[in-house]
Amino acid sequence: MAAKKVLELKPNPRTGRYRLISGNWKMNLNHLEAIQLVQKLYFGLRDVDYGFAEISIHPPATSLRPIQLLIESDRMHFSLGAQNCYFAPSGAYTGEVSAQMLSKLNVKYVIVGHSERRRIFGETDEVVALKTKAILAEQMTPILCVGETAEEREAGETDDVLMRQVRLAVADLSAEVVATIVVAYEPIWAIGTGLVATPEDATSGAQLIREELARLYGGDVAERVRIQYGGSVTPVTAHDLLEADGVDGLLVGGASLDAEAFSRIIRA
Ligand code: 13P
C-alpha cells in the first residue's frame, strides 16, 4: 500500500465551509473504463490540488465496488459517491440498491432528487424526502438536487420551486442533521444543454435555498449547509462559479467524464 500523504483540506476563509467538487458520471462507463478514468484523474492531480476542495466521484452502481477498492488501496484523496438509492433497507424492490448497501461500500455522499430522476423516473418530493432520511440514517451525506425548469423560470416560479423542493426534502429532519447536508442548485435548463448559469444566477439560487433553510431552521443551520452549483460546468466557467457568493462547490456532469477537464475544474 502507498503511504498516506497528509494533504490538508482548507475551508473557504470567507465562509468557514469546506468546498466540495463532485463528478456525477450518470449512466456512463463500465467498471473497467471507470477504473481507468479514476487512475487518470489521480495521476493528473498534484498534492496542492486537494487542498482547495474535497473531491467526490459518483460512478454508476456497477463501478462502486471496484472504485472503492482502488481508492482505498492506493489511498487516493477521493470520496466515493453514489447517484441514487432506495429508501427501504432491504426487501422485494427489484433493481434497487439501499442506502445500507451503499454505506457498506464506504460511500460518503449520495446524490438524491437529481432532476433526471424526478423527470424520467417520476420521483416526487415525498420520495426524495424518504431517500434523504435513509441516507442520513446510514451516516452518509445526501447531495440534495433542486432546480427549476426553463418554463418555471420564465413563469417567475423559480423561488417557489426551490423553496418547495428544499422544504419537503428536509421536512422531518432535526436542525442538527439538516446542517450536515449538501444542496446542489441545478437549474434544469442548464443541465447537459451547454447553457451555463451565470455566477449571479448561481448566487441567487444559493441565496434562495439558504433563506428557506434559515426560515425553517435558523440562520446558524443555513450558514453551515454547503450549496453546490451544477449545470454545464466546464473548465472555463468553473472558476467564476466557484467564486460566486454563497456557492461552496460544483456538481459536474459531462465534464467529469474527461480526466483532463475535471482536473482543470478542480484546479480552478
Ligand atoms: P452537466 O454538467 O453535463 O450539464 O450535468 C450536470 C448535472 O446534472 C450534474 O448532476
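Everything that follows concerns the structure shown earlier in this document.
No experiment lies behind these values; they were computed from the predicted model shown.

1. Quick notes on unusual backbone geometry
- Even without glycine at this site, R75 takes up a positive phi of about 50°.
- Relative to the elements of secondary structure, R75 occurs in the loop between α2 (64–73) and β3 (79–82).
- Since its relative accessible area comes to 34%, R75 is described here as partly exposed.
- In the Ramachandran plot, S232 falls in the positive-phi region, its phi being about 55° despite a non-glycine side chain.
- For S232, the location among the structural elements is in the loop between β7 (226–230) and α11 (235–243).

2. Observations concerning the site of the ligand
- In the vicinity of the ligand lie 13 residues, with K26, H114, G192, S232 and G254 positioned nearest.
- H114 has a polar side-chain atom sitting 2.8 Å from an oxygen atom of the ligand.
- The contact in question runs from an oxygen atom of the ligand to an N or O atom on the side chain of E186, over 3.0 Å.
- Compared with its free state, where it exposes 300 Å², the ligand has 94% of that area covered by protein.
- A breakdown of the residues in the shell around the ligand according to their chemical character gives four nonpolar, seven polar and two charged.

3. Examining the pattern of salt bridges
- Enumeration over the complete set of coordinates arrives at 19 salt bridges.
- Residues joined by salt bridges that share partners form a network here, namely R17, R210, E223 and D248.

4. So, the packing of helix α1 (residues 31–44) against α2
- One way to put it is that α1 packs onto α2 with a least axis distance of 9 Å and a crossing angle of 30°. When the axes of α1 and α2 are compared, the pair comes out roughly parallel. Both α1 and α2 take part in a crossing whose hand is right-handed. Between α1, through H31, A34, I35, V38 and Q39, and α2, the contact on the second element is made entirely by P66, I67 and L70.
- Partitioned by chemical class, the residues of the contact of α1 with α2 number six nonpolar, two polar and no charged.

5. Concerning the pairing of β7
- The element β7 is largely enclosed, with a buried count of five among its five residues.
- Residues R226, Q228 and G230 point to one face of β7 and I227 and Y229 to the other, with burial holding for every one of them.
- Taken together, the four bridges between strand β6 (residues 182–185) and β7 define a ladder with parallel strand orientation. By the bridge assignment for β7, V183 is matched with I227.
- Pairing of β7 with strand β8 (residues 249–252), which is carried by three bridges, proceeds in the parallel orientation. Note on β8: the bridge partner recorded for G230 is L251.
- What joins β7 to β8 is α11, and the crossover it makes is right-handed.

The rules behind each value
Residues numbered from 1 in each chain as written. Predicted model: local features only at pLDDT ≥ 70, side-chain atom pairs only at ≥ 80, totals over all residues. Heavy atoms only, no water. Helix = DSSP H or I, 4+ residues; strand = E, 2+ residues; numbered from the N terminus. Buried < 20%, exposed > 50% of the residue type's maximum accessible area, 1.4 Å probe, protein only. Near = heavy atom within 4 Å. Polar contact = N/O pair within 3.5 Å; in protein donor to acceptor, adjacent residues only side chain to side chain. Areas by Shrake-Rupley, 256 points an atom, 1.4 Å probe, with all protein chains shown as cover. Nonpolar A, V, L, I, M, F, W, Y, C, P; charged D, E, K, R; others polar. Salt bridge = Lys/Arg side-chain N within 4 Å of Asp/Glu carboxyl O. Axes fitted to C-alpha atoms, helices over the stretch in contact; angles between N-to-C directions. Parallel < 35°, antiparallel > 145°, perpendicular 65-115°, else oblique. Left-handed = near helix turned anticlockwise from the far one by under 90°. Contact = heavy atoms within 4.5 Å. Pairing = 2+ DSSP bridges. Right-handed = clockwise from strand over helix to strand, strands pointing away.

Interpretation note: all reported values are geometric properties and have no functional meaning in isolation.
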